[in-house]
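# Close look at the chain arrangement
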Number of protein chains: 2
Amino acid sequence: MTTKATRWLLPDGVDELLPPFAAHLEQLRREILDLYQSWGYELIKTPLIEFLDSLLILPSEELQLSTFTLVDQLSGKSMGVRADISSQAARIDAQVLRRDGITRLCYADSALCTRPRGPLGSRCPHLIGAELYGHGGSDSDAEVIGLLLRTLHSAGIEQPLLALGHNQLCQSLLKAAALPQQLNEKLFSALQNKASADLDLLLNESSLNDPSLNKSAIPAALISVFKALPTLHGDASVLKRARELFAPLSEQLRGELNTALTQLENIAAQLSAQFPAQALYFDLCERRGYDYHTGVIFSAYVSGHGEAIANGGRYDAIGEIFGRPRAATGFDADLKTLLRLSRRDFQRATRIYAPAGGDAALARQVAELRAQGKAGVQGFDADPASARAQGCSALLRQAPGGAWQVETLD
Amino acid sequence: MTTKATRWLLPDGVDELLPPFAAHLEQLRREILDLYQSWGYELIKTPLIEFLDSLLILPSEELQLSTFTLVDQLSGKSMGVRADISSQAARIDAQVLRRDGITRLCYADSALCTRPRGPLGSRCPHLIGAELYGHGGSDSDAEVIGLLLRTLHSAGIEQPLLALGHNQLCQSLLKAAALPQQLNEKLFSALQNKASADLDLLLNESSLNDPSLNKSAIPAALISVFKALPTLHGDASVLKRARELFAPLSEQLRGELNTALTQLENIAAQLSAQFPAQALYFDLCERRGYDYHTGVIFSAYVSGHGEAIANGGRYDAIGEIFGRPRAATGFDADLKTLLRLSRRDFQRATRIYAPAGGDAALARQVAELRAQGKAGVQGFDADPASARAQGCSALLRQAPGGAWQVETLD
């Protein structure tokens, strides 16, 4: 029934949900929040706006560029509209709740981004997510990844592609290479893009030995690892290949890298036990989380949708910001994207029309139908055409004895 | 556990909801949205931002001043963050859904205001509301007011004060007086403020006959009505007094005024039949709705809270904006305010701790408890102290036979 020509235009990446899709979103939202609650995750509702210096506490340039800024007319200070909720949740865990033990929080709210995260993304995502604080081991990573899989199952997305990686791998290797900043950034970028030709060029000895870089060559073993890194993606055999590849490296570096691999192995073992049908895809080169992630990172994909539908990972660096160590792992997803990709059916309540001018018996009957979960639509006339126009599939009609009966409309 | 000194400050009028209050808000939100759905109101989810010229379609200066503006980096155009949802719902009804018959819509979402609506108000209200389009009679006003009362009952606010008025009364009287604009505005303002002394001064014959106003005197009968208007508040007897007071006026003006009174009488009769215990308070002088309301207006109050907790009314002027006549009536309320004033109890799910290192039988038991609506918290150790620290009142313990049993913690 939408006539595009007469319709107000919405900004790019901004949408509105009409009936019945808004009701479907609401149903999915409830089921997922009930899931989180049943796993012990406590709901929070973060502020839509905050002062900028409170909002941008995670070291993420992406988040900073995504945040709309406003001037507070009351204080004259700069405020930002939340573009991400996990950073607000981290502030609430560390600075408001201040619990010593493990804390699980969840949320489901709108956010606003200056630009979509990707070409298909919304600028007004409805972010639903869960975060676990105060535990640094793989068990908590496995828990939140398991919860993400169940989130997707709730949306009727039964077979997502689950990609796992570890931000520590690139970081440790780059640190060991100790390249000048400019070259370091180029190498990092080539690794992100799996640009093997660029890597070869950057890593050939003549460029590394360039005297203008004021830097001696990096060990040949390390160069081999950098060159192989973009090929380290696929099933769990990738972890084994990586361990072999790292063998010739120095003991300390090998230790750091193997710690990361062991974490991925532990998580893979737990997930395989819980979700035997779920395929796991490892990618040891690409970073798929936000740029504030520090450990295991993960993303979910579905075929036919070119962007991740959920992202998450470990961001233990949050401790540094608050001057109080606090491990953290979690994920979020745009509920509107999940709804769009959902393959499940949503039920709509039967709508029953109550004609105008009814008696007390009609009012009681309508109240009863409503209590049963049906929609009792109060008519302002007794015309079946009005009932149909208002989406009703039945109307109440008074039988000769005075009783009101539900009559199906053709 | 909150230590104010170490807490990030939030801007004035901005709040965050922590556990368990966010869960209470969620529960109340669900119950109210289920109520709206059972009355046939279809949920919509409006955009958080829109281009300014789409957003500010209702003739409301208040709304314009309340709206935060942003520059769209993608189009360079001005956008606004929604400060009100009813105007967006009206656009969706008229320009997107474009149905001919009666349409009922509802919503529950965050909005953002540059300034709080009143000294106690939030700048980030969680607006919950319902709107009925396509019906101009009192029956639809009575329906939405009834739905507002049930909304408040859902929140455990059983005996609100319900104030009813009619924007047409002042408008017709001022139009009949046909005063020069400046004097008209002064008179309007004095009526709003029920400033009897100012009214007397404005309405004495010498000021009205001032030749500089280039205006002849207004009839004595009209002057009497203006002077009496601020006293026309109280129970339903006010409507009768008003009818007597309007008797000496010209036939046309009396007709307009009596039409408004008849609408209020009809609504009062329907509400008294549905809600016999609900007291009705009439105020024929003050406008309590938004400044775009054109007919019946209403507000709900509770004692001890100096501002309206819900506002609504008829705003048929929406037809003019879209070049398509479309009657409209509805209301909204800040769900956070309703929660704060709520006198009802909210339940919290029992939290049960599952120790680490359990077997498949434990996993099954946890899944079963979760399916029963309990929160099964996965432990990363087996320490009862951790269970308590995570808000668990029980933990699962393996009996000598191998079965897992729920054991209450002291």
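This one's a predicted model, so the numbers in the text were calculated from it and none came from an experiment.

### Topic: the overall build of chain A
Check the secondary structure of chain A and you find 16 helices and 16 strands. At 27 Å, chain A has a C-alpha radius of gyration far larger than the 22 Å of a compact globule built from 410 residues. Each principal axis of the C-alpha distribution contributes one length, and for chain A these read about 100 × 55 × 50 Å. Considering chain A as a whole, with its 410 residues, one finds that 44% of them fall into the buried category. Across chain A, every contact between residues at least 6 apart in sequence was considered, and the portion connecting residues at least 24 apart equals 67%.

### Quick word on helix α11 (residues 237–246) of chain B
Residue and element names in this part refer to chain B. Turning to α11, its buried residues are V238, L239, A242 and F246. In an axial view of α11, the angular spread of the buried residues amounts to 100 degrees, which keeps them on one side of the axis. Along α11, exposed side chains directed more than 90 degrees from the buried face belong to S237, K240 and E244. Where the residues of α11 are buried, they touch α10 (220–228), β8 (233–234), α12 (251–274) and β9 (280–283).

### Re the interface of chain A and chain B
Tallying the contact residues gives 76 residues for chain A and 75 residues for chain B. Every element with two or more residues in the side of chain A that touches chain B is listed here: α1 (21–38), β1 (42–43), β2 (49–51), α4 (86–97), α5 (138–154), β14 (375–378) and α16 (384–389) of chain A. Of the residues forming the side of chain A that touches chain B, the biggest block, eight residues, is contributed by α1 of chain A. Considered class by class, the residues forming the side of chain A that touches chain B number 36 nonpolar, 21 polar and 19 charged.

### Comments concerning the relation of the copies chain A and chain B
Superposing chain A onto chain B takes a rotation of 180 degrees plus a shift of 0.0 Å along the axis, which leaves an RMSD of 0.1 Å. When the rotation and shift are considered jointly, the pair of chain copies conforms to a two-fold rotation axis. No C-alpha of chain A approaches the rotation axis more nearly than that of L70 of chain A, which lies at 3.6 Å. Taken together, the interface assignments show that 99% of the residues at the interface of chain A recur at the interface of chain B, consistent with an identical surface on both copies.

### Notes on the sheet that holds strand β13 (residues 351–354) of chain B
Residue and element names in this part refer to chain B. An order of β14-β13-β15-β16 is seen for the four strands of this open sheet, with the pairing classed as mixed. The sheet terminates laterally at β14 (375–378) and β16 (404–408), the two strands that pair on one side only. With direction set aside, neighbouring strand axes in the sheet form an average angle of 35 degrees. Of the pairings in the sheet, the one linking β13 to β14 comprises four bridges and is parallel in character.

### Digging into the environment of L56 of chain B
Along the chain, L56 of chain B falls in the loop between α2 (52–55) and α3 (61–66). When the C-alpha positions of L56 of chain B and L147 of chain B are compared, they lie 27 Å apart, and in sequence the two are 91 residues distant.

### A look at α1 of chain A
Look at α1 of chain A: 26 Å from first C-alpha to last across 18 residues, which is about the 26 Å you get at 1.5 Å a residue. Just downstream of α1 of chain A, G40 of chain A is the residue with a positive phi angle, here 90 degrees.

### A look at the domain arrangement of chain A
All names here are of chain A. With domains assigned, chain A is organised as domain 1 (10–157 + 315–341), domain 2 (161–301) and domain 3 (351–408). Secondary structure elements with two or more residues in the side of domain 1 that touches domain 2: α3 (61–66) and α5. The element that contributes the greatest number of residues to the side of domain 1 that touches domain 2 is α5, accounting for eight residues. Among the residues making up the side of domain 1 that touches domain 2, the classes are represented as nine nonpolar, three polar and four charged.

### Observations concerning the sheet that holds strand β8 (residues 233–234) of chain A
All names here are of chain A. Read across the sheet, nine strands follow the order β1-β5-β6-β12-β11-β10-β7-β9-β8 without closing on themselves; strand pairing throughout is mixed. Of all the strands in the sheet, just β1 and β8 have a single pairing partner and so form its edges. Sheet topology note: the strand β7 (residues 161–166)/strand β9 (residues 280–283) ladder contains three bridges and is parallel. Opposite L164, over in β9, you have F282 as the bridge partner.

### What to know about the confidence of the model for chain A
Residue and element names in this part refer to chain A. In this model, chain A carries an average pLDDT of 90, and 93% of its residues clear a pLDDT of 70 or more. Counting contacts from residues 1–6, a segment whose pLDDT is below 50, to residues more than four positions away or on other chains yields seven contacts. In the model output, the complex is listed with pTM 0.94 alongside ipTM 0.93.

### Some thoughts on the pairing of strand β12 (residues 328–334) of chain B
Two faces belong to every sheet, and in a regular strand the side chains alternate between them. Residue and element names in this part refer to chain B. Of all seven residues in β12, seven are buried; the element is thus mostly enclosed. Neither face of β12 is exposed, since A328, G330, D332 and D334 on one face and T329, F331 and A333 on the opposite face are all buried. Pairing of strand β6 (residues 126–133) with β12, which is carried by seven bridges, proceeds in the antiparallel orientation. Among the inter-strand pairings, L132 is bridged to a residue of β12, identified as T329.

### Here's the deal with unusual backbone geometry
Omega for the bond connecting P19 of chain A with P20 of chain A falls within 30 degrees of zero, at 0 degrees, which places this linkage in the cis form. Along the chain, the position of P20 of chain A falls in the segment before α1. Of note in the backbone geometry, K194 of chain B takes a positive phi value of approximately 50 degrees without being a glycine. Residue position: K194 of chain B is located in the loop between α7 (181–192) and α8 (196–203). The class for K194 of chain B is partly exposed, based on 16 C-beta atoms found within 10 Å.

### Some points on the pairing of strand β12 (residues 328–334) of chain A
By the bridge criterion, five bridges tie strand β11 (residues 310–314) of chain A to β12 of chain A in an arrangement that is antiparallel. By the bridge assignment, G312 of chain A is partnered in β12 of chain A with F331 of chain A.

### Examining the environment of R351 of chain A
By the element assignment, R351 of chain A lies in strand β13 (residues 351–354). Residues R351 of chain A and L395 of chain A, spaced 44 residues apart in sequence, show a C-alpha to C-alpha distance of 8.4 Å. For R351 of chain A, the contacting residues outside a window of four places in its chain are A375, V377, G391, C392 and S393 of chain A together with G40 of chain B.

Reading the values: the criteria
- Residues numbered from 1 in each chain as written.
- Chains lettered and ligands numbered in written order.
- Predicted model: local features only at pLDDT ≥ 70, side-chain atom pairs only at ≥ 80, totals over all residues.
- Helix = DSSP H or I, 4+ residues; strand = E, 2+ residues; numbered from the N terminus.
- Rg over C-alpha atoms; globule rule 2.2 N^0.38 Å.
- Buried ≥ 20, exposed ≤ 12 C-beta atoms within 10 Å, placed from the backbone.
- Contact = placed C-beta atoms within 7 Å.
- Arc of directions from axis to C-beta.
- Nonpolar A, V, L, I, M, F, W, Y, C, P; charged D, E, K, R; others polar.
- Least-squares fit on C-alpha atoms with pLDDT ≥ 70 in both.
- Pairing = 2+ DSSP bridges.
- Axes fitted to C-alpha atoms, helices over the stretch in contact; angles between N-to-C directions.
- Expected span 1.5 Å × (residues − 1).
- Domains from an automatic or database assignment.
- pLDDT = per-residue confidence, 0-100.

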